Amino acid sequence: MNKTELIAAVAEKAEISKKDAEKAVTAAIDIIIEKVAAGEEIRIVGFGTFERHERGERTGVNPQTKEKITIAASKVPAFKAGKAFKDAVDK
């Protein structure tokens, strides 16, 4: 499912126009990105938690030259599914 299909499904399920559904879906995604980028955690009970993890600096190997390289520290988004979500997928 892509974003367009998600918007259509939300519009149908919520019985609203596709235009309103697009605004709602886009706003929700934008807020999640904005808050997680700022270091905040977004917890949706039953669905899951969006958060930012920090990866430390580490040593890697260039597969072509076998040369050791340093991979810089970075911040990455993470999602942890909630119990209800896990249970629904496991059925």
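In what follows, the structure referred to is the one given above.
Residues numbered from 1 in each chain as written. Predicted model: local features only at pLDDT ≥ 70, side-chain atom pairs only at ≥ 80, totals over all residues. Heavy atoms only, no water.

## Examining a nonpolar patch on the surface
And then number 1: On the surface, a cluster of nonpolar side chains totalling about 420 Å² of accessible area is made up of Ile44, Phe47, Phe79, Phe85 and Val89.
And then number 2: With respect to the secondary-structure elements, Phe79 resides in strand S5 (residues 74–81). (Patch = residues over 30% accessible without salt bridge, like charges linked within 9 Å, V, L, I, M, F, W, Y side chains within 5 Å. Areas by Shrake-Rupley, 256 points an atom, 1.4 Å probe, with all protein chains shown as cover. Salt bridge = Lys/Arg side-chain N within 4 Å of Asp/Glu carboxyl O. Helix = DSSP H or I, 4+ residues; strand = E, 2+ residues; numbered from the N terminus.)

## Re the packing of aromatic side chains
The description of an aromatic ring pair uses the distance of the two centres, along with the angle that the planes make with each other.
And then number 1: Counting across every chain of the model gives five aromatic pairs.
And then number 2: Taking the centre distance of 5.2 Å and the plane angle of 10° together, the rings of Phe47 and Phe85 count as stacked. Of this pair, Phe47 sits in the loop between strand S1 (42–44) and strand S2 (48–55) while Phe85 is found in helix H3 (residues 83–90), placing the two residues 38 residues apart along the sequence.
And then number 3: Ring geometry for Phe50 versus Phe79: centroids 4.8 Å apart, planes at 45°, classification tilted. (Phe/Tyr/Trp six-rings, centres within 6.5 Å; stacked < 30°, edge-to-face > 60°.)

## What about the pairing of strand S4 (residues 68–71)?
And then number 1: Relative to S4, strand S3 (residues 58–61) is paired through four bridges, and the arrangement is antiparallel. Opposite Gly60, over in S4, you have Ile69 as the bridge partner. (Pairing = 2+ DSSP bridges.)

## Quick look at the packing of helix H1 (residues 3–14) against helix H2 (residues 18–37)
And then number 1: Running from N to C, H1 and H2 cross one another at 120°; their axes reach a closest spacing of 8 Å. Relative to H2, the element H1 lies oblique. The crossing of H1 and H2 is right-handed. The residues of H2 that touch H1, namely those facing Lys3, Leu6, Ile7, Ala8, Val10 and Ala11, are Lys18, Ala21, Glu22, Val25, Thr26 and Ile29. (Axes fitted to C-alpha atoms, helices over the stretch in contact; angles between N-to-C directions. Parallel < 35°, antiparallel > 145°, perpendicular 65-115°, else oblique. Left-handed = near helix turned anticlockwise from the far one by under 90°. Contact = heavy atoms within 4.5 Å.)

## Examining the sheet that holds S2
And then number 1: In spatial order, the strands read S1-S2-S5; together these three strands make up an open sheet with antiparallel pairing. Sheet topology places S1 and S5 at the edges, where each strand pairs with a single neighbour. Each strand axis lies, on average, 30° off the axis of its neighbour in the sheet, ignoring direction.
And then number 2: Bridging between S2 and S5 involves eight bridges; their strand directions are antiparallel. Residue pairing in the sheet places Phe50 in a bridge with Phe79 of S5.
And then number 3: In this fold H2 packs onto S1, S2 and S5, with an angle of close to 40° to the strand it touches most, S2.

## Brief notes about unusual backbone geometry
And then number 1: The backbone of Glu15 shows a phi angle near 55°, a positive value even though the residue is not glycine.
And then number 2: On the secondary structure map, Glu15 appears in the loop between H1 and H2.
And then number 3: In this structure, Lys66 takes a positive phi of about 65° despite not being glycine.
And then number 4: Relative to the elements of secondary structure, Lys66 occurs in the loop between S3 and S4.

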